[in-house]
Amino acid sequence: MRRIIVAGLTAAGMVAGIAAGPALGDRPRTHPLVRVSPGIGWGACPADLDDPGLRCGTLEVPLDHARPDGPTTTLGVSRAQASGTGPRLGTIVVNPGGPGGGGMWLAGMVWRALPEHIRQRYDVVGVDPRGNHHSDPISCVDASFAKAPGPDPVPGDAQAEQRLVDRARAYARGCAERAGDLLPHLGTLENAHDLDAVRAALGEPRLDFIGWSYGTYLGAVYGQLFPERVGRMILDSVVDPRPDQVWYGANLRQDVAFQSRWRDFTAAVGPDIEDVFARTLAGVRARPAGDVVGPAELFDLATRTLYNSRAWNEFAGVLRAYDRGDAAALAARYTPPTAQDANGTAIYTAVECHDGPWPRDWGVWDRDAKALARTAPLVTWSNTWLNAPCAFWPVPARAPLAIDGHDLPPVLLIQGTRDPATPAAGASALHAALPSSHLITVQDEGDHGILAFQPNDCVLKAAAAYLADGTLPAGRDSTCEAS
C-alpha cells in the first residue's frame, strides 16, 4: 500500500510540564551563520516546484555506496533557509513517506508551518530520493498500462487471476528492462546512505530528521547505520521495522487495518453507506462511471478517502449521488495518473521488493489474499496486485536490517491509534526497539500523518520543544487527544 503524506503542518509553541531528555553528549547545537554546503550549488528550483521560498540544487552520490569512486546518480535537493540572524541549530531534512514520490516539495511547507523560533534557527531541506522525480527518475511501463478503467482487482475465477498474475510479471519485467543500472541500487539502505551524503554536503555534523510513514523506517535504518550522526529525529505514523514485517507482513496488516478504518467511516457517515457502496461497486462493474471509474478505481478512491476523515462526508455524498442515478460526481473524482505518479509506483515497487523477502510461490499470495478478503475485502486484492511484481522481481531481495537503537540519542515517535496505513502495532514495535525513544500516542486518531495533517497543539508543542532544545515529555510514553 502506498504511504505518501501530502499535508500541512501547523505552528506550535512550547509545551509546559515537560522534562529534559537525556543529554546529547558533546554534540554542538549551534553553527556559524555562514552556509557551507559543499557539493550543493543552490539556485533556482525546477518550474514544477512552485514555491518562491525555496532554493534548489543537485548532489551527485555513488550509484553503489560500496564503490564511492564508481558511477553516480543525481539527487534533487531543496532548501528553505532559516530566517534568523543568529546562530543556527541545524538543518532538518524531511521525508514525506512513500517510498515512491518526491520530497523536495515538502521543505517549504514544513518550514513555514514551524513555530517562528524554530524557523529562525533551522533550515529545512527536502530531497527527492534516488530514482524519484528530479533524481534520475525511472519508469517501468508505458502510460497505457495504467489506462482507466483498470482490470477488476477481485478475480472472478482462476483465469481472471492468472491474467492479473501475468500483468504483475510484465510489470516486473518492464522494470528490469527500463530502470537499467539503477534498479539493483534502489532500496532503503541506499536511501539511508544518500541521507548521510546530504548531511555531509550540508556541512552538518549530525542529521536532524523528520520522517512520516515510510520515512519513519528510513529514519530507523539511518539511525541503525549511523547512530553517532543522529541529532533530533521525529518519526510520525510509524512503520513496523521488524524483519518479518518488511514488507510482505506489513501489507497484510494494512489490509486488516484499512477494513477497521472503513468501519469507522461507515459509523461516521451512516450505516446505509455499506449497501450504497455495494450497489455502486456492482454498478461500475457493469458500466464504469464516465467510462473511467470501474471497480479498481472505486476501491482506490475509497482507500484514499480513509487517509483523511475530513473527506469522508464528501465521498459519502458522491456514493449516494451515484446510487440516485448521478454518476457524474463519481467520474469527476477520478484523476488520470501522471508520469510522476507512474514514477512513484515504480520506485515504491523497486524499494519494497528489494528491502526484504517476498514469497516466490504465487500459491502463498493466493492463499493469504483469499483468506484475508473474507473479512477485509476493501483493499486486500488491490494491495495484493500493487505488490505482486515482487513475486517476480529480478533483483534478489536482501535480509532486512535488524533495528536495536544502539547508541541513539533521544528520538520522538508519534502515532495515532486508528491509522490504517501504519497500524499502531508498528509504533509499539519501533518504540520497543529504540530504548531512547519517547512515544506520543494520539488516542482515536486515524488520519495518516499527525504532525503533518492535524492541527494538534499537544503533538506540535512537544515536537517544537524537542527541536528547540532536545526536551521530551517525561517518561517513555505520553498521550494526546485527537484534534
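Residues numbered from 1 in each chain as written. Predicted model: local features only at pLDDT ≥ 70, side-chain atom pairs only at ≥ 80, totals over all residues. Heavy atoms only, no water.

Undergrad: How should the pattern of salt bridges be read in this particular structure?
TA: Charged atoms that come close allow side chains of opposite charge to pair. Counted under the stated rule, the structure contains 22 salt bridges. Note that aspartate 196 is salt-bridged to arginine 229, the shortest N-O span being 2.4 Å. Of this pair, aspartate 196 sits in helix 4 (residues 188-201) while arginine 229 is found in the loop between helix 5 (214-225) and strand 8 (230-238), placing the two residues 33 residues apart along the sequence. Connected through shared salt-bridge partners, Asp196, Arg199, Glu228 and Arg229 make up one network. (Salt bridge = Lys/Arg side-chain N within 4 Å of Asp/Glu carboxyl O. Helix = DSSP H or I, 4+ residues; strand = E, 2+ residues; numbered from the N terminus.)

Undergrad: Just to check I follow, could you spell out the packing of aromatic side chains for this structure?
TA: Aromatic ring pairs are described here by two measures, namely the spacing of the ring centres and the angle between the planes. The final tally for this structure, using the stated rule, is 16 aromatic pairs. Where tyrosine 214 meets tryptophan 247, the ring centres are 6.2 Å apart and the plane angle is 50 degrees; that geometry is what we call tilted. Taken together, the residues tyrosine 214 in helix 5 and tryptophan 247 in the loop between strand 8 and helix 6 (248-269) connect sequence positions 33 residues apart. A single burial state applies to tyrosine 214 and to tryptophan 247, both of which are buried. A relative accessible area of 0% means that tryptophan 247 is categorised as buried. An aromatic cluster is built from Tyr248, Trp358, Trp362, Trp365, Trp381 and Trp385, whose rings are joined through pairwise contacts. One Lys or Arg, arginine 119, reaches over the ring of tryptophan 111 and ends 5.7 Å from the middle of that ring. (Phe/Tyr/Trp six-rings, centres within 6.5 Å; stacked < 30°, edge-to-face > 60°. Buried < 20%, exposed > 50% of the residue type's maximum accessible area, 1.4 Å probe, protein only. Lys NZ or Arg CZ within 6 Å of the ring centre and 35° of its normal.)

Undergrad: Just checking my understanding: could you explain the state of the cysteines for this structure?
TA: By definition, a disulfide is the covalent link that joins the sulfur atoms of two cysteine residues. As enumerated under the stated definition, the model contains 4 disulfides in all. Disulfide pairing places cysteine 45 opposite cysteine 56 at an S-S distance of 2.0 Å. With the S-S dihedral at roughly 90 degrees, the linkage between cysteine 45 and cysteine 56 falls on the right-handed side. A residue pair is termed long-range when its members are at least 10 positions apart, and cysteine 45 in the loop between strand 1 (3-4) and strand 2 (55-62) and cysteine 56 in strand 2 qualify at 11 residues. According to the relative accessible area criterion, cysteine 45 is partly exposed, its value standing at 21%. For cysteine 56, a relative accessible area of 5% gives the class buried. Here cysteine 140 pairs with cysteine 175 through a disulfide, and the sulfurs are 1.9 Å apart. Linking cysteine 140 and cysteine 175, the disulfide has an S-S dihedral of approximately 105 degrees and is accordingly described as right-handed. (Disulfide = S-S within 2.5 Å.)

Undergrad: Honestly, the sheet that holds strand 2 in this entry has me stumped. Any pointers?
TA: What the 9 strands build is an open sheet, ordered 2-3-6-4-7-8-9-10-11; its pairing is mixed. Where the open sheet ends on each side, the last strands, each with one partner, are strand 2 and strand 11 (477-481). For this sheet, the mean angle separating the axes of adjacent strands, direction not counted, is 20 degrees. In this sheet, strand 11 lies alongside strand 10 (residues 437-443) in parallel orientation, the contact comprising 5 bridges. Following the sheet pairing, leucine 439 is matched in strand 11 by aspartate 477. (Pairing = 2+ DSSP bridges. Axes fitted to C-alpha atoms, helices over the stretch in contact; angles between N-to-C directions.)

Undergrad: Sorry, what's going on with helix 14 (residues 424-433) here?
TA: Helical geometry note: an α-helix holds 3.6 residues per turn, so side chains three or four residues apart project in the same direction. Residues of helix 14 that are buried: Gly426, Ala427, Ala429, Leu430, His431 and Ala433. Tucked inside the fold, the buried residues of helix 14 contact helix 5, strand 8, strand 9 (411-416), strand 10 and strand 11. (Contact = heavy atoms within 4.5 Å.)

Undergrad: Mind showing me how you'd approach unusual backbone geometry here?
TA: The phi torsion of most residues other than glycine is negative, and most of the peptide bonds are trans. Here the residue pair glycine 98 and proline 99 is connected by a cis peptide bond, since its omega of 10 degrees sits within 30 degrees of zero. By secondary structure assignment, the location of proline 99 is in the loop between strand 5 (97-98) and helix 1 (106-113). Between alanine 148 and proline 149 the backbone carries a cis peptide bond, its omega angle lying at -5 degrees. Counting through the fold element by element, proline 149 comes out in the loop between strand 6 (122-128) and helix 3 (158-178). Phi at serine 237 is positive, roughly 65 degrees, even though this residue is not glycine. Here serine 237 shows up in strand 8. Taking relative accessible area as the criterion, serine 237 reaches 1% and is therefore assigned buried. Positive phi is not limited to glycine here, since aspartate 444 has a value of about 65 degrees. Taking relative accessible area as the criterion, aspartate 444 reaches 59% and is therefore assigned exposed.

Undergrad: Would you take a moment to explain the nonpolar core for this structure?
TA: Considering soluble globular proteins, one finds that nonpolar side chains tend to be buried as a cluster. In terms of nonpolar packing, the biggest core is built from 106 residues, with Ile234 and Leu451 touching the most fellow members. Not counting the four nearest positions on each side in its chain, isoleucine 234 is found in contact with Phe209, Ile210, Gly211, Leu412, Ile414, Leu451, Ala463, Tyr466 and Leu467. Counting 30 residues, the second largest nonpolar core, distinct from the first, contains Phe265, Ala289, Tyr307 and Phe315. (Core = buried A, V, L, I, M, F, W, Y, C linked by side-chain atoms within 4.5 Å.)

Undergrad: How should the environment of aspartate 469 be read in this particular structure?
TA: Tracing the sequence through the fold places aspartate 469 in helix 16 (residues 457-469). A polar contact of 2.9 Å, which involves the side chain of aspartate 469, links it to the side chain of threonine 471. (Polar contact = N/O pair within 3.5 Å; in protein donor to acceptor, adjacent residues only side chain to side chain.)

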